[in-house]
Amino acid sequence: MNIQIILNFSSSWKLVAELEALEQPANLLQNFQKEVLELLNLMKITTTSQITPTQNALTLKGGEDLSYDYMVIAMGAHLRFDKIKGALEALETSGVCSNYSPFHVEKHFQEVLTFKGGNAIYTYPNAPIKCAGAPQKACYITDSILRKRGVRDEAKLIYATSLNKIFGPESYIKPLEKVACEKEIEVKTRRNLIEVDSNSKTAIFEVLDVDGAPTGETESLEYSLLHIGPPCSAPKALRSSPFADKTGFMDVDGETLQSKRFPNVFGVGDCMNTPNAKTAASVSSHLKTIDKNLSQVMLGIKPKSKYDGYASCPLVVSRNSAILAEFNPQGTLETTPFNQKKPSRWAYSLKRHILPALYWNGLIKGYWNGPGTMRKFTRMFKSE
Ligand SMILES: Cc1cc2nc3c(=O)[nH]c(=O)nc-3n(C[C@H](O)[C@H](O)[C@H](O)COP(=O)(O)OP(=O)(O)OC[C@H]3O[C@@H](n4cnc5c(N)ncnc54)[C@H](O)[C@@H]3O)c2cc1C
């Protein structure tokens, strides 16, 4: 069997982004480069420019044609700063940054270290986004650093979200509202960043109604620091392929993760139209599902394994505490027997010390297929 992995490796920047403020960046970057270079040696790296599933064929950037019997699409979601007027230009100016961009992660950290005062605004888009908790995590970490630097009183921290609440899954809303309140972070709901004017250092938001539709009103806020949570879309080669639904994401059966139109093709990760939050934690459960289902399809059997919608977001809320959110579209799906809604040191330690190892040694190498089995055991000890 000839298996080729085709990608342009960039995903692990997200882990760097998350941990950046918690550890010396130099250490992380060195580690990141070493790990990625080792992986790159194992892979064929290129980009898919066109997929023609009716002929089980795809064309790579550079013109090489490939055919396949089975295929797994794991193209992720693309960052669309270009959908916010002026954002791409603004990212190259002082004060504007984003943990989502490999080119502006380090800049965010530097901006916080040199921040002198004014509005520090963290935005969440009116569109799909990977790791929906990342913009507010960045805001909490900034609060902690500014306090440590003794300049928190000079800053007004604003979390501006297009949602009507601070976070999607209901059970974590109150704990996160409490965190924001204690940290004196103003949460502005139903605000969608549509333009950045880097000359006047102004962020312009459209005001949304209860259904998330634009009201026609706008609000302009001056910023000293602006962290952009970018809208995301499916990559172009996927959007323009017959795999896509009308939103551009890969149209799959939400349980088996099999393409609805092409049964010899499965999806994994952020590129799919499944209703789960787009997280690396979800990918682990996707892998468990397609491991079984792809094998069954190869044997001519109908796929039976079902993805449970699992997603997780360890929300770091200070320099030593985190809320470990684990959920699916129906509600919480927590793994540990402890109270995960309360900020805790153990959740922080898990995020800081265990998850990076799990990511590099388990998920990336295909050994970690999510905490589902572990949860069956720990549930026996769970007390709400
Ligand atoms: C700041 C930040 C913090 C996050 N924190 C967490 C967290 O704490 N916990 C968590 O679980 N998740 C977190 N996430 C989300 C997590 O990183 C993603 O959900 C995860 O990486 C999705 O994996 P994926 O393989 O689907 O996509 P990706 O990791 O984006 O990988 C997709 C790959 O496909 C490649 N590709 C795209 N187009 C093509 C093409 N045409 N041809 C070939 N290859 C292509 C891309 O280059 C990329 O390498 C975070 C994300 C961000 C941005």
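Scroll up a little and you will see the structure.
What this report covers is the structure whose coordinates are included nearby. (Residues numbered from 1 in each chain as written. Predicted model: local features only at pLDDT ≥ 70, side-chain atom pairs only at ≥ 80, totals over all residues. Heavy atoms only, no water.)

### Side note on the sheet that holds strand E20 (residues 331–332)
Strands sit in the order E18-E19-E20 across an open sheet of three strands; the sheet is antiparallel. At either margin of the open sheet sits one strand with a lone partner, and together these are strand E18 (311–316) and E20. Across two bridges, strand E19 (residues 322–328) lies against E20 in antiparallel orientation. Paired with Asn-328 across the two strands is Gly-331, which belongs to E20. (Pairing = 2+ DSSP bridges. Helix = DSSP H or I, 4+ residues; strand = E, 2+ residues; numbered from the N terminus.)

### Section: the state of the cysteines
By definition, a disulfide links the sulfur atoms of two cysteines through a covalent bond. On inspection of all chains with the given rule, the structure shows zero disulfides. Just so you know, Cys-131 is unpaired, no disulfide at all, and the nearest cysteine sulfur is the one on Cys-313, 3.8 Å from it. (Disulfide = S-S within 2.5 Å.)

### Observations concerning the packing of helix H5 (residues 134–149) against helix H6 (residues 173–182)
Where H5 contacts H6, the two axes come as close as 11 Å, and the packing angle between them is 30°. One finds that H5 runs roughly parallel with respect to H6. Between H5 and H6 lies a crossing whose hand is left-handed. When H5 is examined against H6, the residues Gln-136, Tyr-140 and Arg-147 are found in contact with a partner set consisting of Leu-176, Val-179, Ala-180 and Glu-182. Considered class by class, the residues forming the contact of H5 with H6 number four nonpolar, one polar and two charged. (Axes fitted to C-alpha atoms, helices over the stretch in contact; angles between N-to-C directions. Parallel < 35°, antiparallel > 145°, perpendicular 65-115°, else oblique. Left-handed = near helix turned anticlockwise from the far one by under 90°. Contact = heavy atoms within 4.5 Å. Nonpolar A, V, L, I, M, F, W, Y, C, P; charged D, E, K, R; others polar.)

### Let's talk about a nonpolar patch on the surface
Residues Phe-377, Met-380 and Phe-381 make up a contiguous nonpolar surface patch of about 370 Å² in total accessible area. As for its placement among the helices and strands, Met-380 is situated in the segment after helix H10 (372–378). Judged by its relative accessible area of 59%, Met-380 is exposed. (Patch = residues over 30% accessible without salt bridge, like charges linked within 9 Å, V, L, I, M, F, W, Y side chains within 5 Å. Areas by Shrake-Rupley, 256 points an atom, 1.4 Å probe, with all protein chains shown as cover. Salt bridge = Lys/Arg side-chain N within 4 Å of Asp/Glu carboxyl O. Buried < 20%, exposed > 50% of the residue type's maximum accessible area, 1.4 Å probe, protein only.)

### Details of the packing of helix H4 (residues 105–114) against H5
Look at H4 against H5: their axes get within 9 Å of each other, and the N-to-C directions meet at 35°. Classified by chirality, the crossing of H5 by H4 is right-handed. Within the contact between the two elements, H4 uses His-108, Phe-109, Val-112, Leu-113 and Thr-114 and H5 uses Ala-138, Thr-142, Ile-145, Leu-146 and Arg-149.

### Quick notes on the sheet that holds strand E11 (residues 186–188)
Across the sheet, which stays open at both edges, the five strands sit in the order E8-E15-E9-E10-E11 with parallel pairing between neighbours. Of all the strands in the sheet, just strand E8 (96–97) and E11 have a single pairing partner and so form its edges. When strand E9 (residues 118–124) meets strand E10 (residues 155–161), the two strands line up parallel, connected through seven bridges. Within E10, the position partnered with Ala-120 by the bridge is Leu-157.

### Points about the pattern of salt bridges
Counted under the stated rule, the structure contains 15 salt bridges. Note that Arg-80 and Asp-82 form a salt bridge whose closest N and O atoms lie 3.0 Å from each other. Judged by relative accessible area, which is 16%, Arg-80 ranks as buried. Classification of Asp-82 as partly exposed rests on a relative accessible area of 43%.

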